[in-house]
Amino acid sequence: MFKRWIISLILNAVALIVVAELFQSFQLDGFGTALIASFILSILNVFIKPLLIILTLPITIITFGLFLVVINAITLMITQSLMGASFVIEGFGTAMIASIIISLLNMLLNSLVKDSLNR
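Throughout this description, residue numbers start from 1 for each chain and increase along the sequence as written. Local features in a predicted model are, by the rule used here, given only for residues with pLDDT of at least 70; side-chain atom pairs are given and counted only at 80 or more, and totals for whole chains, interfaces and linings are based on all residues. The side-chain quantities take in all heavy atoms of the structure and omit both hydrogens and water.

Engineer: Lay out the packing of aromatic side chains with the relevant residues and their values.
Structural biologist: Each pair of aromatic rings taken from Phe, Tyr and Trp, with Trp reduced to its six-membered ring, is defined by centres within 6.5 Å and is described as stacked if the planes are under 30 degrees apart, edge-to-face if over 60, and tilted in the remaining cases. Under the counting rule described, the total for this entry stands at three aromatic pairs. Taking the centre distance of 6.0 Å and the plane angle of 45 degrees together, the rings of Phe2 and Trp5 count as tilted. One end of the pair, Phe2, and the other, Trp5, are both in helix H1 (residues 2–22), three residues apart, so they sit about a helical turn from each other. With a relative accessible area of 32%, Trp5 lands in the partly exposed category. Labels follow the DSSP assignment, with helices taken as runs of H or I lasting at least four residues and strands as runs of E lasting at least two, numbered in each case from the N terminus. Exposure is judged per residue with a 1.4 Å probe applied to protein chains only, and the accessible area is read against the type maximum: over 50% gives exposed, under 20% gives buried, and values in between give partly exposed.

Below, the structure written as structure tokens:
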């Protein structure tokens, strides 16, 4: 289980680096910063994200789950505020687009890693 979490942290850091390369308004100081951001995001996803989902359940149901993108963007913004100048996202719109791309990249990377580990 610990190994799977470490692999997940690394894959999330790779996704963060890819997004930082795609957008000038999404800046990371390097892979080490991406790993720290990935770690903070994982902690927020365990403790803060479920609370946000419960608090926004009615709007999440009304939007057929699309509001979860906003919650992901909020956790991304909280992460960048905790990291300081080493991780900067310029605007909530950027955070929303980045959260979508990060989710898609994580799905792709996780499926590639699972396929290679199962061989």
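Engineer: Give a detailed account of the nonpolar core, specifying residues and quantitative values.
Structural biologist: One finds Leu16, Phe26, Leu28, Leu76, Phe87 and Ile102 to be the most contacted residues of the largest nonpolar core, which totals 20 residues. Broken down by secondary-structure element, the contributors of at least two residues to this core are H1, strand E1 (26–28), helix H2 (31–55), helix H4 (67–83), strand E2 (87–89) and helix H5 (92–118). Residues count as neighbours in contact if any of their non-hydrogen atoms are within 4.5 Å of one another. Sequence-distant contacts of Phe26, that is, excluding residues within four places in its chain, are made with Leu16, Val19, Ala20, Leu76, Phe87, Val88, Ile89, Thr94, Ala98 and Ile102. For the purposes of this section, nonpolar cores are sets of buried Ala, Val, Leu, Ile, Met, Phe, Trp, Tyr and Cys residues that join through side-chain atoms within 4.5 Å.

Engineer: Hey, could you go over the side chain of Thr79 for me, with residue numbers and the actual values?
Structural biologist: Tracing the chain through its elements places Thr79 in helix H4. Not counting the four nearest positions on each side in its chain, Thr79 is found in contact with Ala37, Ile40, Leu41, Leu44 and Phe87.

Engineer: Can you lay out the packing of H4 against H5 for me, pointing to particular residues and giving the numbers?
Structural biologist: Axis definition: a line fitted to C-alpha atoms, limited for helices to the stretch in contact. Angles are taken between N-to-C directions and run from 0 to 180 degrees. The geometry of H4 relative to H5 is characterised by a closest axis approach of 8 Å and an angle of 105 degrees between their N-to-C directions. What the angle tells us is that H4 and H5 run roughly perpendicular. Contacts between H4 and H5 involve Val69, Val70, Asn72, Ala73, Ile74, Leu76 and Met77 from the former and Phe92, Ala95, Met96, Ala98, Ser99, Ile100, Ile102 and Ser103 from the latter. Each residue gets one of three labels, nonpolar for Ala, Val, Leu, Ile, Met, Phe, Trp, Tyr, Cys and Pro, charged for Asp, Glu, Lys and Arg, and polar for the others, Gly among them. Of the residues belonging to the contact of H4 with H5, the class tally is 12 nonpolar, three polar and no charged. When describing relative orientation, an angle under 35 degrees is termed roughly parallel and one over 145 degrees roughly antiparallel, while 65 to 115 degrees is termed roughly perpendicular and anything else oblique.

Engineer: Residue-level account of the environment of Ile53, with values.
Structural biologist: Along the chain, the position of Ile53 falls in helix H2. Since its relative accessible area comes to 27%, Ile53 is described here as partly exposed. Among all residues touching Ile53, those that are not within four sequence positions of it are Leu68 and Ile71.

Engineer: How would you sum up the side chain of Gln80? Please name residues and give values.
Structural biologist: On the secondary structure map, Gln80 appears in helix H4. Apart from residues lying up to four places away in sequence, Gln80 is in contact with Phe87, Val88 and Ile89.

The values are spatial; any link to function lies outside them.
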